[in-house]
Amino acid sequence: MSGMRVALAQINTTVGDIWGNAERVARALERALDGGAELVAFPELVLTGYPPEDLLLRPGFVRDNLAALDEVTARVPEGVVAAVGFVDLESDLYNACAVVSGGRVLHRYHKRYLPNYGVFDENRYFREGRGAPVLRLDGTLAGISVCEDIWYPGGPAREQALAGASVLLNISASPYHRRKGALRERMLAVRASDYGCYVLFCNLVGGQDELVFDGHSLVFDPEGRLLARARQFEEDVLFVDLYPEEALVQRLHESRPRKEELEGEPEVVEVPGFRERREPAQSREPRVETLLPEEGEVLEALVLGLRDYFRKNGFSRAVLGLSGGIDSSLTAAIAARALGPENVTGVLMPSRYTSEASNADARAVAKNLGIDVRIIPIGPAFDAYRQMLEEVFRGLPEDVAEENIQARIRGNIVMALSNKFGWIALSTGNKSEMSVGYSTLYGDMAGGFSVLKDVPKTLVYRVARHLNRSEGREVIPESVLTKEPSAELRPGQRDVDSLPPYEVLDPILEAYVEDDKGVGEIVAMGFEEEDVRRVIRMVDRAEYKRRQAPVGIKVTTRAFGRDRRMPITNRYSEGRPGLR
């Protein structure tokens, strides 16, 4: 049976680095050609990086991207087809895929379904495309689409399949959140089996501000079975040999498509000089990479997001406060893995309330990671603040004001080191704390990047334990994992004095923040109404704090910031109190 070799090149682009991205495309193309590929796919908007946002409003940016496409096109030889994501300009902007062969652009496909939800804002920049063209690759018809197009059951993929396509190629920039990989696989398997086609999915990889793209490119056969899977969270070129006649056999046994009618004739793009490879000399066995467990995915997403944020912005070294708690310990471990331990400095800043156990744990974490350590006690500064404020605070009991002074002293110290040495400060708060405002503005929230910003506290523990298992040793000591969480800003302080236990808090937060469930729905899940209303009030009141937090990596279905957008000035409270 005749075959066709395909290469899916998931590469790590940088937004705005058009010529650097084009060079990465050229290198991956060369590798694909060396591997005998006849059809080579690159991710969505691979030349501009994704998402380019308001760079798209600059005419020079669009022109440079078109010039880069010309350069890449010249490298694609006769007999080979490449699918390259770029920004097209035809009286308006289009999110496009260029079909390139023999040094020419044969077709420019324009994305039809523009996502405008969650982190996506494509309607702001692009016009919707039309049509569902098929490529004639010798005796094979192949459909091309871009990302969101294949998520719709009645979209271009259906039209291309009804027009006779046996191969459906989708180039994508699908950002990661936990459990999304499994969702994608289920969706693509259904498309393949429903249409009786090979489905090829080529995804972007890399970090871009708060987004992480996980790669995880895929190929499914016409029965919806997984044929090949690329690596997660790293660049890869996935080769697979397709046998389009198998799709024909599948269709002959499937009567459902015969009940559907295609409206209009699809555009057929002829690819001159393309030849299916007959009886390949060395047929490749499809490669199916093993999926990471959920905690492993989150860990790799955080490492990649941090590494790329530093690398792509020209930063090299990180500094963070190291308290001996779980959050700062995991943040330090991620930073050491992402940047190398030689590029991480942990700062111990003990106060009169810091336990010796916490100091010991912080030193143990630093030693296990092999990172640089500085010890700067905050006692003298705290005493000075108390003396300065003694008169104005006279007669008032100590409360959160004094607690926050300590956090802000620590934030000042970390930022002083950042300014003096050019290090980037990492804040260490997690999503649970960020949700309810259990953090100090200009204190522990201070920093240039927030690694755990979208990681709930209970998941922080799971990821930390996974890290230890994957390393085969206690990188994060068991004492850190088992001690009761505390900010240690007053004698005997515990997180549960201010918050419900995290095992209760996190499910309530997920229901309210990520799923938009109301009080009644959350109570019906088995939680006390008093706890639910209290948590919701805390979330709503903390919006102003979150607006001032540093950027952080998205790993849940709905992160704060560009994903979940709520007004600061907001009086809505569920329920009907009646007219007054």
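Residues numbered from 1 in each chain as written. Predicted model: local features only at pLDDT ≥ 70, side-chain atom pairs only at ≥ 80, totals over all residues. Heavy atoms only, no water.

Draft legend 1. Geometry of the overall build of the chain. The helix and strand tally for the chain stands at 17 helices and 20 strands. In summary, the chain has a C-alpha radius of gyration of 27 Å against a globular reference of 25 Å for 580 residues, a match within 12%. Along the first, second and third principal axes, the C-alpha atoms of the chain reach 85 × 60 × 45 Å. Expressed as a percentage of its 580 residues, the buried residues of the chain come to 57%. For the chain, long-range pairs separated by at least 24 residues make up 74% of all intrachain contacts whose partners lie at least 6 apart in sequence. Within the structure as shown, the chain displays about 25000 Å² of accessible surface, and the carbon and sulfur contribution to it stands at 49%. A distance of 2 Å separates the average location of the 74 positive side-chain charges in the chain from that of its 88 negative side-chain charges. (Helix = DSSP H or I, 4+ residues; strand = E, 2+ residues; numbered from the N terminus. Rg over C-alpha atoms; globule rule 2.2 N^0.38 Å. Buried < 20%, exposed > 50% of the residue type's maximum accessible area, 1.4 Å probe, protein only. Contact = heavy atoms within 4.5 Å. Areas by Shrake-Rupley, 256 points an atom, 1.4 Å probe, with all protein chains shown as cover. Lys, Arg positive; Asp, Glu negative; His and termini not counted. Charge placed at Lys NZ, Arg CZ, Asp CG, Glu CD.)

Draft legend 2. Focus on the environment of Gly 518. Mapped onto the elements, Gly 518 comes out in the loop between helix H14 (502–514) and helix H15 (519–524). Its relative accessible area of 12% is what places Gly 518 among the buried residues. Separated by 440 residues in the primary sequence, Gly 518 and Glu 78 have C-alpha atoms spaced 59 Å apart.

Draft legend 3. Representation of the side chain of Lys 457 in the model. Summarising the element assignment, Lys 457 is placed in helix H12 (residues 457–471). For Lys 457, a relative accessible area of 3% puts it in the buried group. Not counting residues within four places of it along the chain, the set of residues in contact with Lys 457 comprises Ile 326, Asp 327, Asn 430, Ser 432, Glu 433, Pro 485, Tyr 502 and Asp 506.

Draft legend 4. Examining the sheet that holds strand E20 (residues 449–450) more closely. Taken in spatial order, the five strands make up an open sheet running E18-E17-E16-E19-E20, and their pairing is parallel. Every other strand in the sheet has two partners, leaving strand E18 (372–375) and E20 as the edge strands with one partner each. Of the pairings in the sheet, the one linking strand E16 (residues 318–321) to strand E17 (residues 344–348) comprises four bridges and is parallel in character. Looking at E17, one finds that Leu 320 is bridged to Gly 346. (Pairing = 2+ DSSP bridges.)

Draft legend 5. How the structure looks around the environment of Glu 433. Within the secondary structure layout, Glu 433 lies in helix H11 (residues 431–436). Among the residues examined, Glu 433 registers a relative accessible area of 10% and is labelled buried. Along the backbone, Glu 433 and Arg 124 are 309 residues apart, and their C-alpha atoms lie at a distance of 33 Å. Residues in contact with Glu 433, not counting those within four places in the same chain, are Asp 327, Tyr 438, Ser 439, Lys 457 and Tyr 502.

Draft legend 6. A look at helix H10 (residues 400–421). Over its 22 residues, H10 extends 32 Å from the first C-alpha to the last, a length consistent with the 32 Å expected when each residue adds 1.5 Å. The N-cap residue of H10 is Asp 399: its side-chain oxygen and the backbone nitrogen of Ala 401 are 3.0 Å apart. (Expected span 1.5 Å × (residues − 1). Polar contact = N/O pair within 3.5 Å; in protein donor to acceptor, adjacent residues only side chain to side chain.)

Draft legend 7. Focus on the packing of aromatic side chains. Here the structure, examined in full by the defined rule, presents eight aromatic pairs. Taken together, a centroid distance of 6.3 Å and an interplanar angle of 50° make the contact between Tyr 309 and Phe 315 tilted. What makes Tyr 309 buried here is its relative accessible area of 15%. Taken together, a centroid distance of 4.7 Å and an interplanar angle of 25° make the contact between Phe 421 and Trp 423 stacked. Residue Phe 421 is classed as partly exposed on the basis of its relative accessible area, which comes to 45%. Members of the aromatic cluster, connected to one another through ring pairs, are Tyr 309, Phe 310, Phe 315 and Phe 449. If you follow Lys 431 out to its NZ or CZ, it ends over the ring of Phe 560, 5.6 Å from the centre. (Phe/Tyr/Trp six-rings, centres within 6.5 Å; stacked < 30°, edge-to-face > 60°. Lys NZ or Arg CZ within 6 Å of the ring centre and 35° of its normal.)

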